[in-house]
Amino acid sequence: MTPSTALTRERSLNGELDPDAEAVRTRTDRNEARLAELPDKPERTAAEQAVADELHRSGRELRSRFLSAHTPAVFAELTAAGTRWPRLAELVCAAAERFPGLVPTTAQLAAERARPQAHKEGREIDQAIFFHHLLGTRATGRHIVEAMLRPTAAALALLPTFARSGVAEFATVRLERDGDLGRVTLGNTSCLNAEDDQLTADLETAVDLVLLDDGIRVGLLRGATMTHPRYAGRRVFSAGINLKHLHQGRISYVDFLLGRELGYLSKIVRGLRVPEDRPTGTRVWREKPWLAAVDTFAIGGGMQLLLACDRVVAGADAYFSLPAAQEGIVPGVANLRLGRLVGPRLARDVILNGRKLWAADPQASGICDEAVDPQEVGRAADRAAERLTAPAVLANRHMLNLADEPVDRFLDYLSEFALVQGDRLYSPDVLAKIGTHWAGEHGR
């Protein structure tokens, strides 16, 4: 009897939460026992891998049907009927405990983390299914957005010290208060500011501090001077996703691929949601204008970051690109935002064909507001930041962002992105690329 035949007999869900959750647990336990009988993925024959694929497929089909029926009830259990505000990682941990088999356990994820991407079972796809349903349900999706817009615990702990000193140093980011400007310097210098889990966490903490600090009126993002041998002594904005880390299996689906969209990028666009602000009855602005100063290039995630900013100043020799389609993945929320800024045809050329946009090219005007002499980027950015301190800028950028990207539109996109990106992360073409071309690269 094939796995497909055996598992078909157990597909019934009766529509009640706890019995259906038990059906998911039972199926998962049975599938895991069968997987444990197989060799590790790199040692499997084609036939053995086909068995593993079918076990995963059948389990995922049942999990998806379970969530289609029970997402509001599941979310109510995980958030104490909406009174708790867990971040993404906390949410999946709680789901693994309350609904065994619905998402991977902490131990399973730790085992996956120790493997190269091509050798993993692809358990993050189950997280993708989970978030696809949660983000795609209006009430639960809005709750997640609000939860992820809250300041991180790290930022709240650092705020008193930063308020006194005006400086915060992280492993890959430096934040300095300079007058009413919050200078956020990306300093992952050995790999051209390639984004990884560490940079994402550091950048979110820095963004939170900028938004929380009463003395800062504008946030400014710029890359540090590099130590990478190809660009030593030059500033670089960002090389995008760290492909070496992706090959090594060190790029997290939850904390990086999904967390950066709902974390620091969403905070730049929407600001913070600070719970103690709510009872006052007056609007407390936890949003601020953001400016990006681009040196050399903004590739991939770096260009995605520009799409969230209010103004971009770049050296005339800098370029922007989104090579994710060539890499096999989706460039975050860029597919939602880019067409609005440059037009749909040019957006398709950039995303589907990998076209570079040079800062001085008139067609890049939807991305770059001002292209200047490369030696003048810093001074031009400071001048632009001063203009963003005008009193009415804050209210108007709030209304512009509300019109450009309503939360429900963002959620419609993000629900589908959660599923598609999880699938692409483990697609054969991506695994083939990261197993060969990218293994020795520094970020890009």
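None of the values given here were measured: they were computed from a predicted structure.

What counts as what
All residue numbers refer to positions counted from 1 along the written sequence of the respective chain. For a predicted model such as this one, the threshold for reporting local features is a pLDDT of at least 70, and the threshold for listing and counting side-chain atom pairs is 80 or more; totals across whole chains, interfaces and linings nevertheless cover every residue. Hydrogens and water are ignored here; the side-chain numbers use all heavy atoms of the structure. Helix and strand assignments follow DSSP, with helices taken as H or I runs no shorter than four residues and strands as E runs no shorter than two, numbered in order from the N terminus. Atoms considered for the radius of gyration are the C-alpha atoms alone. The globule rule reads 2.2 Å times the number of residues to the power 0.38. Relative accessibility decides the category of a residue: with a 1.4 Å probe and only protein chains considered, values under 20% of the type maximum give buried, values over 50% give exposed, and everything between is partly exposed. In this description, contact between two residues means that some pair of their heavy atoms is separated by no more than 4.5 Å. Residue burial considers only the protein chains on display, and all accessible areas are found by Shrake-Rupley using a 1.4 Å probe. Two residue types count as positive, namely Lys and Arg, and two as negative, namely Asp and Glu; His and chain ends fall outside the count. The atoms used to mark charge sites are NZ of Lys, CZ of Arg, CG of Asp and CD of Glu. Axes, fitted as lines to C-alpha atoms, cover a helix only where it is in contact. Angles between the N-to-C directions of the axes lie from 0 to 180 degrees. An angle counts as roughly parallel when it lies under 35 degrees, as roughly antiparallel when it exceeds 145, as roughly perpendicular when it falls between 65 and 115, and as oblique in every other case. Residue polarity follows a fixed list, in which Ala, Val, Leu, Ile, Met, Phe, Trp, Tyr, Cys and Pro are nonpolar, Asp, Glu, Lys and Arg are charged, and the others, Gly among them, are polar. Whether two strands pair comes down to DSSP finding at least two bridges between them. Among the buried residues, those of types Ala, Val, Leu, Ile, Met, Phe, Trp, Tyr and Cys that are joined through side-chain atoms within 4.5 Å form a nonpolar core. Scored from 0 to 100, pLDDT reflects the predictor's confidence in each residue. Centre distance within 6.5 Å is the pairing criterion for rings of Phe, Tyr and Trp, where only the six-membered ring of Trp is used; planes under 30 degrees apart are then read as stacked, over 60 as edge-to-face, and the remainder as tilted.

1. Description of the overall build of the chain
Step number 1: Scanning the chain from N- to C-terminus turns up 20 helices and ten strands.
Step number 2: Relative to the 2.2 N^0.38 estimate, which gives 22 Å for 444 residues, the radius of gyration of the chain is 23 Å and therefore close to what a compact globule would have.
Step number 3: For the chain, the spread of C-alpha atoms along the principal axes amounts to about 70 × 55 × 40 Å.
Step number 4: Put simply, the chain has 444 residues, and 54% of those count as buried.
Step number 5: For the chain, long-range pairs separated by at least 24 residues make up 75% of all intrachain contacts whose partners lie at least 6 apart in sequence.
Step number 6: Just so you have it, the chain exposes about 18200 Å², and 53% of that area is on carbon and sulfur atoms.
Step number 7: Each charge class in the chain was averaged separately, 56 positive and 59 negative side chains, and the resulting centres sit 2 Å apart.

2. Regarding the packing of helix α7 (residues 138-148) against helix α19 (residues 407-425)
Two quantities define a packed helix pair, namely the angle between the axes and the distance from one axis to the other.
Step number 1: Where α7 contacts α19, the two axes come as close as 10 Å, and the packing angle between them is 100°. As summarised for this structure, α7 and α19 are arranged roughly perpendicular, according to the angle between their axes. In this structure, α7 contributes Arg138, Gly141, Arg142 and Val145 to the contact, and α19 contributes Val407, Asp408, Phe410, Leu411 and Asp412.
Step number 2: Residues belonging to the contact of α7 with α19 are distributed by class as follows: four nonpolar, one polar and four charged.

3. Considerations on the sheet that holds strand β9 (residues 357-358)
Step number 1: If you trace the three strands from one edge of the open sheet to the other, you get β6-β8-β9, paired in mixed fashion. Lying at the two open borders of the sheet, with one neighbouring strand each, are β6 (297-299) and β9.
Step number 2: The pairing of β6 with strand β8 (residues 319-321) spans three bridges and is classified as parallel. Paired with isoleucine 299 across the strands is serine 321, a residue of β8.

4. Re the nonpolar core
Step number 1: Counting 54 residues, the largest nonpolar core has Phe130, Phe131, Leu258 and Leu262 as its most contacted members.
Step number 2: If you look at the next biggest cluster of nonpolar residues, it comprises 52 residues, including Leu186, Leu265, Val342 and Ile367.

5. As for the environment of aspartate 349
Step number 1: Structurally, aspartate 349 can be placed in helix α16 (residues 344-353).
Step number 2: For aspartate 349, a relative accessible area of 22% gives the class partly exposed.
Step number 3: Spatially, the C-alpha atom of aspartate 349 lies 18 Å from that of alanine 360, the residues being eleven residues apart in sequence.
Step number 4: Residues within four places of aspartate 349 in sequence aside, it is in contact with Gly354 and Arg355.

6. Examining the pairing of strand β7 (residues 311-315)
Step number 1: In terms of burial, β7 is a largely internal element, four of the five residues being buried.
Step number 2: The pairing of strand β5 (residues 290-294) with β7 spans four bridges and is parallel. When the bridges of β7 are listed, valine 294 appears paired with alanine 314.
Step number 3: Relative to strand β10 (residues 370-372), β7 is paired through three bridges, and the arrangement is parallel. Bridge assignment links glycine 315 to a residue of β10, and that residue is valine 372.

7. As for helix α15 (residues 334-342)
Step number 1: Here α15 has its buried residues at Ala334, Leu336, Arg337, Leu338 and Val342.
Step number 2: Taken together, the buried residues of α15 touch α12 (264-270), α13 (301-307), α16 and α19.
Step number 3: Downstream of α15 by a residue or two, glycine 343 has a phi angle that is positive, lying close to 100°.

8. Some words on the confidence of the model for the chain
Step number 1: Confidence along the chain averages 93 in pLDDT terms, with 93% of residues attaining 70 or more.
Step number 2: Scored below 50 in pLDDT, residues 438-444 shows 26 contacts in the model against residues more than four places distant or in partner chains.

9. What about the environment of alanine 293?
Step number 1: If you trace the backbone, alanine 293 turns up in strand β5.
Step number 2: Exposure remark for alanine 293: the relative accessible area of 0% places this residue in the buried category.
Step number 3: Discounting residues that sit within four places of it in the chain, alanine 293 has contacts with Leu220, Leu221, Arg222, Gly223, Phe237, Val313, Val377 and Ala381.

10. Digging into unusual backbone geometry
Step number 1: One non-glycine residue, alanine 81, adopts positive backbone phi at about 60°.
Step number 2: Following the sequence through the fold, alanine 81 ends up in the loop between α3 (46-78) and α4 (88-98).
Step number 3: The class of alanine 81 is exposed, set by a relative accessible area of 65%.

11. Observations concerning the packing of aromatic side chains
Two measures describe an aromatic ring pair: the distance that separates the ring centres and the angle between the ring planes.
Step number 1: What the rule picks out here adds up to six aromatic pairs.
Step number 2: Relative to phenylalanine 99, the ring of phenylalanine 66 has its centre 6.1 Å away and its plane inclined at 55°; by these criteria the two rings are tilted. Note that phenylalanine 66 is positioned in helix α3 and phenylalanine 99 in the loop between α4 and α5 (106-113), a separation of 33 residues in sequence. Across this residue pair, the class does not change: phenylalanine 66 and phenylalanine 99 are buried.
Step number 3: Summarising the aromatic geometry, the rings of phenylalanine 130 and phenylalanine 131 are spaced 5.1 Å apart at their centres and angled 75° between planes, so their arrangement reads as edge-to-face.

12. A look at the pairing of strand β2 (residues 173-178)
Step number 1: Pairing of strand β1 (residues 167-169) with β2 involves three bridges; the strand directions are antiparallel. Residue pairing in the sheet places alanine 168 in a bridge with leucine 175 of β2.
Step number 2: Where β1 hands over to β2, the hairpin turn is made up of three residues, counted between the paired strands.
Step number 3: Pairing analysis gives six bridges linking β2 to strand β3 (residues 181-186), with the strands arranged antiparallel. Residue pairing across strands places valine 173 opposite leucine 186, the latter belonging to β3.
Step number 4: The loop that links β2 with its antiparallel partner β3 comprises two residues; one of these, glycine 179, has a positive phi angle of about 65°.

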